[in-house]
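Descriptive structure summary
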Amino acid sequence: MALVRLLVLSLFHASLVGSQPAKISQQPSSPPHPAGEQSPPGIDNLSFPWSRLRLPRYIIPLHYRLLLHPNLTSLSFTGSVQIQIEVRNNTNWVVLHSKGLQISKATILNQNLRHLSDQDLPVLHNPSHEQIGIFSPWVLSSGQKYFLYIEFGAELSEGFNGFYKSTYRTSAGEIRTLASTHFEPTSARMAFPCFDEPNFKANFSLRIRRSPEYISLSNMAIFKIVEVNDGLLEDHFAASVKMSTYLVAFVICDFKSVTATTASGVQVSIYAAPEKWNQTHYALEAAVKMLDFYDEYFNIPYPLPKQDLIAIPDFQSGAMENWGLTTYRETSLLFDPLTSSVSDKLWVTMVIGHELAHQWFGNLVTMEWWNDIWLNEGFARYMEYISVEATYPELKVEEYLLHTCFAAVGYDSLNSSRPISSPADNPTQIKEMFDTVSYDKGACILHMLRHFLTDDVFQSGIVRYLRKYSYKNAQNQDLWDSLANTCSEEDFISGKHCYSSSQASKNAYLFAGEHLNLTAMMNTWTLQKGIPLVTVTRKGSRLLLRQDRFLRTVLPSDPHWSTLQQGYLWHIPLTYKTDTSSTIHRHLMTTHTDSVPIGEDVNWVKVNSDMTGYYVVHYEDGGWDEMTKLLRENHTALSYKDRTQLIHNAFQLVTAGHLPLNKALDLIGYLQSETHTVPLLEGLGYLETFYRLIEKRNELDLAHNLGMYILRFFRGVIDQQTWSDAGSVSERRLRSEVLSLACHLDDPPCLEQARQSFKDWLQSDGTLNLPTDVVDTVFSVGAQDDHGWDSLLHAYNTSLFAAQKRKILFALTCSRDTNKLHRLLKLGLEGKVIRSQDLSSVILMVARNPQGHHLTWNFVKKNWSTLVEKFQLGSSCIRNSIIGTTGQFSSPEELDDVKKFFESIKEQASQLRATQVALDNVQKNVRWVQRNLEPLRNWVNEKN
């Protein structure tokens, strides 16, 4: 579910005995038989013994024995947990997490399972910290082990966290209920009392009671089923490996599965609602391939006997990596060849690759604390690319990595960005860590590091990291040490994890004759926010280099510019190539200014080869004119990645005030000769972005003229497209994007074909399977009249295919009828016809519609309290609702409105980074329009 100030976390080892109320006397450290026990003080005489958000470290959980009995009729559950604990300091108190649980009994037993007290122990609650304190009248002695026993109950959660209820509808219209869990980051405490922090790793033994018509699943396999009273069955699961609480999972459902076995004998099963069983086969094939790949790549066998993947009908995020039982949205796991597009197939494959990578990165080795969540998420995001490229090369996944890095640049070039490693103390801050920085920037700096160190060194370093910290927790520094092969004397003697420093200095990251200080280099990428801008200038035979912080929210001419630059310096692994050699040259830039020799004969230099580095490049003094000339005369002299990066950097530099708009627009003039999908879509994407910004401003003439220019310029590409599913993955992706835009721009041939296809689909009563690449476009055009829209809404209600439902929902949000758009938002809020999990998607899609963007913003403002209650303050849904609705606001009036609303929810807004990101985005758009609207108008008029 990851910035550049590392949170220094102090582990508090002091005993709490001294912090307890004076009236509680200390008992002998070896308690006598309970018969001699004095009555504990009344609960009114006790005060909560702990004031911090992080739990004390003087009690460590070793093993949880958990019994749960969910009732899917009353939508509640009861349970008990026996936690074996080890005491590190004498104390009378056990403090652990609990949220929303009714605690009916608590007691403590010694190692011989004898009760320390013949009475139930007092339990104090601190709801603001989601903690309970259990008071023992006998001192728990340092060095001893005890058993903490608690009985509890609660309602199944209504949201998407903790132990929650989900439902699905059969084709006969029957509603069926299941119960599932989602604990990351801080919701295990909603299902059972626990030490709910990632570094309190323990083993878990689980028992679940159920009716015979259901099955239960958990992290481990069932080894015994016992019949208990009232015809109930009790499933006994094998004890788990040592793991964090957020990875515990259980599901009670009536699903069906399909199963296969990996090369190493791991049983892999895909579970889904019975009528969706036939959509599970692709996921099974992919999961088996991926597990086999990771076994080999990490050189560490997957440590559990089974891996279940299950499609949960109600699921807020894309998927969750619970060890041995990964949970997914239906769109992230189920695949139907007749209704799922090639993009859907790639998505399913990448999500499976992501969650299975977590079985090592995150589960086997876990970050010490949530400030370093990128160690989980950045790695899993990057391993998506490595694993899919290895197992499904035909999906061309490498074409998408650039866009992951472009997304990171977009976020990181706002002043409201954050370092990869950032302080995160309370649950809201922790949830906000699951963002573009942790995932996308994390993946991109790992990509940069892999190319800098070489594939072999990178791979052997991460294997060393995984082996050394297996079943433990790690920090940034541990990763850098593993990659640099450096280690303590003790590690070296054991011979398992590292080489000596003399061997290390001979390795591939020998740089400029010196051993690389990897920690110093990588700290500049993880402990400070932002992204560097490298400005290059030709001077004779040398290339002059300067690095600054790249900002899109403040122009170089602004008074604040120099202040916001202070203290920023990166160690940048630069790469560049020239027309005189096929060699990729390398240089580590560690100062604000630098230079490299390139020779007198060089005509052009392209810096950041294939964008393996995470930095933006600006070519000063006519450098962009050289690039424009090169692309026009011989664009294949550069790789498709280099061409795409040039387009991206040019338009980013326009926003940041370093380059005039007409220079960037002239650069993409060569695209009529471009045959590769990725640069073609990058250039088209910027023109579409400008069009969508302008059509929301009521600039009717400019919008019309720009639309006509786009259609004319890309006429050749549009006319090449067939309304089919033929061709390579790249060709099919281009078809989807180009035809969608052409119809949005009211291109007559496009509209005619789409209307005919929609008419055919209607006449078949929805049984005609349209080509999956063009379904979005056909449905979007069909949704423009009342009959088409109503027919699609009916199809949405009855479809059993998640990918098809997503396409229909997108089409419904394209209506130009504001009443229909408002109805969709209302249906999403109600959560019946459109599931609550899809509400933030509906908000984003309606906001993209020129008729819907103010409507959506007003909807978010009006229903703010309900949204926060449904999705929790720091969640991605709240983040998307705030940033997505305001993302294309571009007027001072809209900016004032956004500021006013954030002021009205000041207490909540102050806890959210997303509010500052939204403001930064709108301010950036306002400036862009002020500086570029007239130049764009002039350029378009000139071209037309």
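These lines cover the structure that appears in this document, whether it is placed above or below. Here the residue numbers are simple positions, counted from 1 along each chain's written sequence. The predicted origin of the model limits local features to residues at a pLDDT of at least 70 and limits the giving and counting of side-chain atom pairs to 80 or more, whereas totals for whole chains, interfaces and linings rest on all residues. As a convention, hydrogens and water are excluded, and side-chain values are obtained from all of the structure's heavy atoms.

Here the focus is the overall build of the protein chain. Secondary structure follows DSSP: runs of H or I at least 4 residues long count as helices, runs of E at least 2 residues long count as strands, and numbering of each begins at the N terminus. Across its full length, the protein chain holds 31 helices and 30 strands. Atoms counted for the radius of gyration: C-alpha only. Globule rule: 2.2 Å times the number of residues to the power 0.38. Computed over the C-alpha atoms, the radius of gyration of the protein chain is 29 Å, within 12% of the 30 Å expected from 2.2 N^0.38 for a compact globule of 944 residues. Areas reported as accessible are Shrake-Rupley estimates using a 1.4 Å probe. Residue values count occlusion only from the protein chains shown. Of the accessible surface of the protein chain, which amounts to about 35,300 Å², a share of 48% is contributed by carbon and sulfur atoms. Side chains of the protein chain carry 87 positive and 99 negative charges; the gap between the two charge centres is 2 Å. Under this rule, positive means Lys or Arg and negative means Asp or Glu; His and the chain ends count for nothing. A single reference atom marks each charge: NZ on Lys, CZ on Arg, CG on Asp, CD on Glu.

Only strands joined by at least two bridges in the DSSP assignment are considered to pair. Spatial ordering of the open sheet is given by 15-16-17-19-18, a layout of 5 strands whose pairing is mixed. Edge positions in the sheet fall to strand 15 (256-261) and strand 18 (319-320), since each has one partner strand and no second. Direction of pairing for strand 17 (residues 306-312) relative to strand 19 (residues 325-329): parallel, over a ladder of 5 bridges. Across the sheet, residue Leu309 finds its bridge partner in strand 19, namely Thr326. In what follows, a contact means two residues having at least one pair of non-hydrogen atoms within 4.5 Å. Angles here are taken between N-to-C directions and fall from 0 to 180 degrees, while the axes themselves are lines fitted to C-alpha atoms, restricted in helices to the stretch in contact. Lying over the sheet, helix 2 (residues 342-358) contacts strand 17, strand 18 and strand 19, oriented at roughly 150 degrees with respect to strand 19.

All right, on to the side chain of Asp435 then. If you trace the backbone, Asp435 turns up in the loop between helix 5 (427-432) and helix 6 (436-453). Each residue gets one of three labels from its accessible area relative to the maximum for its type: buried under 20%, exposed over 50%, partly exposed in between, using a 1.4 Å probe on protein chains only. Given a relative accessible area of 5%, Asp435 falls into the buried group. Any N or O atom pair separated by 3.5 Å or less is treated as a polar contact, with the protein-specific requirement of one donor-capable and one acceptor-capable atom, and with residues adjacent in sequence counted only for side-chain atom pairs. A polar contact is formed between the side chain of Asp435 and the side chain of Arg418, at a distance of 2.6 Å.

With that out of the way, let us pick up the sheet that holds strand 5 (residues 123-126). With respect to topology, 3 strands assemble into an open sheet ordered 3-6-5, the strand pairing being antiparallel. Bordering the open sheet on either side are strand 3 (91-97) and strand 5, each of which pairs with just one other strand. Strand after strand, the sheet turns through a mean of 25 degrees between neighbouring axes, direction not considered. Across 6 bridges, strand 3 lies against strand 6 (residues 131-140) in antiparallel orientation. Among the inter-strand pairings, Val95 is bridged to a residue of strand 6, identified as Gly133.

A cis amide bond, omega 0 degrees, links Glu184 with the succeeding residue Pro185. Looking at the element boundaries, Pro185 is found in the loop between strand 9 (175-182) and strand 10 (203-210). With a phi close to 50 degrees, Met611 is a non-glycine residue in the positive phi region. Residue position: Met611 is located in the loop between strand 29 (605-607) and strand 30 (616-619). Take Met611: its relative accessible area is 4%, and that puts it in the buried class. Phi at Gln872 is positive, roughly 70 degrees, even though this residue is not glycine.

Attention shifts here to the state of the cysteines. Any two cysteine sulfur atoms lying within 2.5 Å of each other are counted as a disulfide. In this structure the tally under the stated criterion is 2 disulfides. Sulfur-sulfur distance for the disulfide between Cys405 and Cys444 comes to 2.1 Å. Between Cys405 and Cys444, the S-S dihedral sits near -110 degrees, and the bridge is therefore left-handed. Placement of the pair is Cys405 in helix 4 (residues 398-412) and Cys444 in helix 6, with a sequence separation of 39 residues. As far as burial versus exposure is concerned, Cys405 and Cys444 are alike and both buried. Here Cys743 connects covalently by a disulfide to Cys750, the sulfurs 2.1 Å from one another. One quick way to see it: the torsion about the S-S bond of Cys743 and Cys750 is about -105 degrees, and its sign makes the bridge left-handed.

If you trace the backbone, Asp412 turns up in helix 4. Within the structure, Asp412 has its side chain in polar contact with the side chain of Tyr614 (distance 2.9 Å). Setting aside residues no more than four positions away along its own chain, Asp412 makes contact with Ser417, Arg418, Lys441, Lys529, Gly530, Ile531 and Tyr614.

All right, on to the packing of helix 7 (residues 455-468) against helix 8 (residues 476-483) then. The relative placement of two packed helices comes down to the angle between their axes together with the axis-to-axis distance. For the pair helix 7 and helix 8, interaxial distance at closest approach is 8 Å and the crossing angle is 130 degrees. Compared by their axis directions, helix 7 and helix 8 come out oblique. As helix 7 packs across helix 8, the resulting crossing turns out to be right-handed. Across from Val457, Phe458, Gly461, Ile462, Arg464 and Tyr465 in helix 7, the residues of helix 8 making contact are Asp478, Leu479, Ser482 and Leu483. Here the term charged refers only to Asp, Glu, Lys and Arg, the term nonpolar to Ala, Val, Leu, Ile, Met, Phe, Trp, Tyr, Cys and Pro, and the term polar to all other amino acids, Gly among them. Across the contact of helix 7 with helix 8, the residue classes break down as 6 nonpolar, 2 polar and 2 charged. An angle below 35 degrees is treated as roughly parallel, one above 145 as roughly antiparallel, one from 65 to 115 as roughly perpendicular, and anything else as oblique. Helix crossings are classified by the rotation of the near helix relative to the far one: an anticlockwise turn of less than a right angle makes the crossing left-handed, while a clockwise turn makes it right-handed.

This paragraph deals with the packing of aromatic side chains. Geometrically, a pair of aromatic rings is defined through the distance of the ring centres and the angle of the planes. Only rings of Phe, Tyr and Trp enter the pairing, Trp through its six-membered ring, and a pair is recorded when the two centres are within 6.5 Å. The plane angle decides the type: under 30 degrees is stacked, over 60 is edge-to-face, the rest tilted. Using the criterion set out here, one finds 49 aromatic pairs in the structure. Relative to Trp624, the ring of Tyr619 has its centre 5.2 Å away and its plane inclined at 85 degrees; by these criteria the two rings are edge-to-face. For Tyr619, a relative accessible area of 5% gives the class buried. Members of the aromatic cluster, connected to one another through ring pairs, are Phe293, Tyr294, Tyr297, Phe298, Tyr302, Trp360, Phe361, Phe379, Tyr382, Phe458, Tyr465 and Tyr469. The residue whose ring lies beneath Arg57 is Phe200, and the NZ or CZ to ring-centre distance is 4.3 Å. Sitting over the ring of Trp789, Lys820 keeps its end group 5.7 Å from the ring centre. Only Lys NZ and Arg CZ are tested; either one counts as a charge over a ring when it is within 6 Å of the ring centre and within 35 degrees of the ring normal.

This brings us to the pairing of strand 5. With 4 bridges joining them, strand 5 and strand 6 adopt antiparallel strand pairing. Residue pairing for strand 6: His125 is matched across the bridge by Ile132. The hairpin turn running from strand 5 into strand 6, its antiparallel successor, is 4 residues long, and Glu130 in that turn takes a positive phi close to 55 degrees.

A few words now on the packing of helix 24 (residues 818-830) against helix 26 (residues 853-862). Where helix 24 meets helix 26, the closest approach of the two axes is 10 Å, and the angle between their N-to-C directions is 30 degrees. Where helix 24 crosses over helix 26, the handedness of that crossing is right-handed. Seen from helix 24, the contacting residues are Thr818, Leu821, His822, Leu825, Lys826 and Leu829; seen from helix 26, they are Leu855, Thr856 and Phe859.

Attention now moves to the pattern of salt bridges. A side chain with one charge may pair with a side chain of the opposite charge, provided their charged atoms come close. Any carboxyl oxygen of Asp or Glu that lies within 4 Å of a side-chain nitrogen of Lys or Arg is treated as forming a salt bridge with it. Throughout the structure, instances matching the rule amount to 45 salt bridges. Here Glu384 and Arg381 are joined by a salt bridge, their closest N and O atoms 3.0 Å apart. Of this pair, Glu384 and Arg381 both sit in helix 3 (residues 374-391), 3 residues apart, which is roughly one turn of that helix. Exposure class is identical for Glu384 and Arg381. Each is buried. Through salt bridges with shared partners, one network takes in Lys99, Glu130, Arg189 and Asp196.

Assignment of secondary structure puts Gln930 in helix 31 (residues 913-943). When the C-alpha atoms of Gln930 and Ser890 are compared, they prove to be 9.2 Å apart, with 40 residues separating the residues in sequence.

Nine residue types can take part in a nonpolar core, namely buried Ala, Val, Leu, Ile, Met, Phe, Trp, Tyr and Cys, and a core is a set of them joined through side-chain atoms within 4.5 Å. In this structure, Phe192 and Ile352 are the most contacted members of the largest nonpolar core, which totals 313 residues. Apart from residues lying up to four places away in sequence, Ile352 is in contact with Ala283, Ala286, Ala287, Met290, Leu309, Tyr328 and Leu333.

The next subject is helix 20 (residues 748-763). Its 16 residues place the ends of helix 20 22 Å apart at the C-alpha level, agreeing with the 22 Å of an ideal helix rising 1.5 Å per residue. Listed in full, the buried residues belonging to helix 20 are Cys750, Leu751, Ala754, Ser757, Phe758 and Trp761. Taken down its axis, helix 20 places every buried residue within 135 degrees of arc, on the same side. Of the exposed residues in helix 20, the ones pointing more than 90 degrees away from its buried face are Pro748, Glu752, Arg755 and Gln763. The inward-facing, buried residues of helix 20 contact helix 19 (729-744), helix 21 (775-782) and helix 22 (786-798). Following helix 20 by one or two positions, Asp765 adopts a phi angle in the positive range, close to 60 degrees. Helices are assigned an expected span. That span is 1.5 Å times one less than the residue count. It is the directions from the helix axis to the C-beta atoms whose arc is reported.

Let us look at the pairing of strand 8 (residues 162-169). Pairing analysis gives 8 bridges linking strand 8 to strand 9, with the strands arranged antiparallel. Bridge pairing in strand 9 places Phe163 opposite Thr181.

With that settled, the discussion passes to helix 24. Helical geometry: 3.6 residues make up each α-helical turn, so side chains three or four residues apart lie on a common side. Helix length check: helix 24, at 13 residues, gives a terminal C-alpha distance of 18 Å against a target of 18 Å (1.5 Å per residue), a fit within 8%. For helix 24, the complete set of buried residues consists of Lys820, Leu821, Leu824, Leu825, Leu827, Gly828 and Leu829. Two to three positions downstream of the cap, the backbone nitrogen of Asn819 sits 2.9 Å from a side-chain oxygen, assigning the N-cap of helix 24 to Asp817. Once helix 24 finishes, Gly831 follows within two positions and takes phi at roughly 80 degrees, a positive value.

Turning next to the environment of Ala754. Within the secondary structure layout, Ala754 lies in helix 20. For the pair Ala754 and Val833, spaced 79 residues apart in sequence, the C-alpha to C-alpha distance is 27 Å. The contacts of Ala754, once residues within four sequence positions are left out, are Trp723, Cys743, Thr777, Val778 and Val781.

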